[in-house]
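Here are the chains, one letter per residue:
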Amino acid sequence: MTVLDHRHRTPVPGWLPGATSPRTDPAPLLPDPSPVRLLGTPALEKCDPALLRELYRRLVVGRRYNQQATTLTKQGRLAVYPASTGQEACQVAAALALGERDWLFPSYRDTLAVVSRGVDPLEALTLLRGSAHTGYDPLTSRTAPLCTPLATQAPHAVGLAHAARLRGEPVVALAMLGDGGTSEGDFHEALNFAAVLGAPVVFLVQNNGYAISVPLSAQSAAPTLAHKAVGYGMPGRLVDGNDAPAVHAVLAEAVERARTGGGPTLVEALTYRIEAHTNADDATRYRTEPEVAAWREHDPILLMERALRGLGVLDDALVRETADEAEALAARMRAEFHTDPDLDPMSLFAHVFAEPTPQLREQAAQLAAELAAEAEVAER
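The paragraphs below set out a description of the structure included in this document. Throughout this document, residue positions are counted from 1 along each chain, in the order its sequence is written. Where local features are concerned, this predicted model is filtered to residues with pLDDT of at least 70; where side-chain atom pairs are given and counted, the filter is 80 or more; whole-chain, interface and lining totals use all residues. The side-chain numbers reported here are obtained from all heavy atoms of the structure, hydrogens and water having been left aside.

Our next topic: the pairing of strand 7 (residues 265-270). Every other side chain in a regular strand lies on the same face of the sheet, so the side chains alternate between the two faces. Exposure is judged per residue with a 1.4 Å probe applied to protein chains only, and the accessible area is read against the type maximum: over 50% gives exposed, under 20% gives buried, and values in between give partly exposed. Runs of H or I in DSSP of at least four residues are treated as helices and runs of E of at least two as strands, each being numbered from the N terminus. Of all six residues making up strand 7, five are buried, and the element is well covered by its neighbours. Bridge analysis of strand 6 (residues 236-240) against strand 7 gives five bridges, and the strand direction is parallel. What sits directly across from Leu238, in strand 7, is Glu268. A clockwise path from the first strand over the helix to the second, with the strands pointing away from the viewer, defines a right-handed crossover. Considered for its hand, the β-α-β crossover made up of strand 6, helix 10 (residues 244-259) and strand 7 is right-handed. Strands pair, by our definition, only if DSSP identifies at least two bridges between them.

Our focus in this paragraph is helix 2 (residues 88-97). With nine of 10 residues buried, helix 2 lies mostly within the body of the structure. Three or more residues of helix 2 are buried, namely Glu88, Ala89, Cys90, Gln91, Val92, Ala93, Ala94, Ala95 and Ala97.

Burial analysis of strand 6 places five of its five residues in the buried class, the great majority of the element. Alternating residues of strand 6 divide into Gly236, Leu238 and Asp240 and Arg237 and Val239, and every residue in both groups is buried.

Bringing the sheet that holds strand 7 into the picture now. Strand order in the open sheet made by the five strands is 1-2-3-7-6, with parallel pairing throughout. Looking at the sheet topology across the chains shown, the edges are occupied by strand 1 (103-105) and strand 6. The average angle at which neighbouring strand axes cross in this sheet is 20 degrees, direction not considered. By definition, residues are in contact when any of their heavy atoms lie within 4.5 Å. To obtain each axis, a line is fitted to C-alpha atoms, and for helices this fit is confined to the stretch in contact; angles are then taken between N-to-C directions over 0 to 180 degrees. Each of strand 2 (173-178), strand 3 (201-207) and strand 7 is contacted by helix 8 (residues 185-197), which is oriented at about 150 degrees to strand 3, the strand it contacts most.

Moving on: the packing of helix 1 (residues 49-74) against helix 2. Packing of helix 1 against helix 2 brings their axes to within 9 Å, and their N-to-C directions diverge by 125 degrees. One element, helix 1, and the other, helix 2, form an angle in the oblique class. Between helix 1 and helix 2 lies a crossing of right-handed hand. Only Glu88, Ala89, Val92, Ala93, Ala95 and Leu96 of helix 2 make contact with helix 1, whose side of the interface consists of Leu51, Glu54, Leu55, Arg58, Leu59, Gly62, Arg63 and Asn66. Partitioning the contact of helix 1 with helix 2 into residue classes produces eight nonpolar, two polar and four charged. Should an angle lie under 35 degrees it is considered roughly parallel, over 145 roughly antiparallel, and from 65 to 115 roughly perpendicular; all remaining angles are considered oblique. For a crossing to be left-handed, the near helix must be turned anticlockwise from the far one by less than a right angle; the clockwise case is right-handed. Note that Gly is not counted as nonpolar here; it falls among the polar residues with everything else outside the nonpolar set of Ala, Val, Leu, Ile, Met, Phe, Trp, Tyr, Cys and Pro and the charged set of Asp, Glu, Lys and Arg.

Topologically, Ala157 is positioned in helix 7 (residues 153-166). Looking at Ala157, the relative accessible area reads 0%, which means it is buried. Along the backbone, Ala157 and Asp315 are 158 residues apart, and their C-alpha atoms lie at a distance of 40 Å.

Relative to the elements of secondary structure, Gly40 occurs in the segment before helix 1. Placed 206 residues apart in sequence, Gly40 and Ala246 show a C-alpha to C-alpha distance of 11 Å.

This part takes up the packing of aromatic side chains. For this analysis, a ring pair means two rings from Phe, Tyr or Trp (six-membered ring only for Trp) whose centres lie within 6.5 Å, classed as stacked if their planes differ by under 30 degrees, edge-to-face if by over 60, and tilted for the remaining angles. Applying the stated criterion across every chain yields a total of four aromatic pairs. Both rings, one in Tyr65 and one in Tyr81, keep their centres 6.4 Å apart while their planes meet at 80 degrees; by these two values the pair is edge-to-face. Taken as a pair, Tyr65 in helix 1 and Tyr81 in the loop between helix 1 and helix 2 lie far apart in primary sequence, 16 residues in all. Here Tyr65 matches Tyr81 in class, with each residue buried. Here the aromatic rings of Tyr210 and Tyr286 are separated by 5.3 Å at their centres, their planes lie at 55 degrees, and the arrangement is tilted. Residue Tyr210 is found in strand 4 (residues 210-211), and its partner Tyr286 is found in the loop between strand 7 and helix 11 (289-296); the two are separated by 76 residues along the sequence. Grouping residues by exposure puts Tyr210 and Tyr286 together as buried.

Below is the structure:
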């Protein structure tokens, strides 16, 4: 199957003789009337206890990872760190919903999802340290490089998923975005491309309320961001982004639907960014402490621990064991970031183009000459 195989007949408009029925009934595509929740509902009892414990473990370890990375930034060990504190349920559920051969396309705030995917924390934070374009091998980890420009990873996810399907590979791509990313042209192009081709892609929008300082109300007048899916001809799902089992269930269903030929899905997870946008942002200028405090009461870890203890699948021993694992990770991060990396400035030009452009070769030659001159002076 190729792109040219996707030919559609244009239906006759409804007000003309010979009109056809609408191409797509919008009703099945509409998102859930209220966010999907499992925590605190009878449906949670049907969930696999092992899955619930694993989600809890990843949440706790992920929170400690966020805290330690934020501290490293304050110490100057990282150039910048966009924390996903408060959004950990989206991060760990996204990684856990994917199969080994599937691909994750993260944004700059999704380092926890990358770590949950199995990438070493030091490698996941290399870009934010300013040491390299990316610190891990995307092909080995099946994880695209962290994407700083908003939403540009979304069309890449569609292209990879469509190419894999043409090769007969049962691969699904999951693209992670923030609510701000839905205002970018790349987002719209990716959804339209994915829906027309029926590509096996899942788009996860973590709606944390703000695009830096711009509230959602100033970005979109849609009832929800999930409603945007209908305009492209794909299902939209709405889920409580702080309910880890619910996020995992909705994403796992969307991934399976994509894998079995059902096409793309847009999932909006309602969550909140507890920390500032980055260490360079003063969040007090655009949001109030009572607002943040209200969301702290809806903390994904607190919700998870309370629900799991109620089910009897979480006890004090597992809580201590998980806390110890989280502290061990934090200690390793401190130790590994204590020493400055030994970097080769010429690596700046590697992995930019398959065939370096004339301008890139000229810049590389100029830098090489400057480095040689510095070395000669140092030897005198």
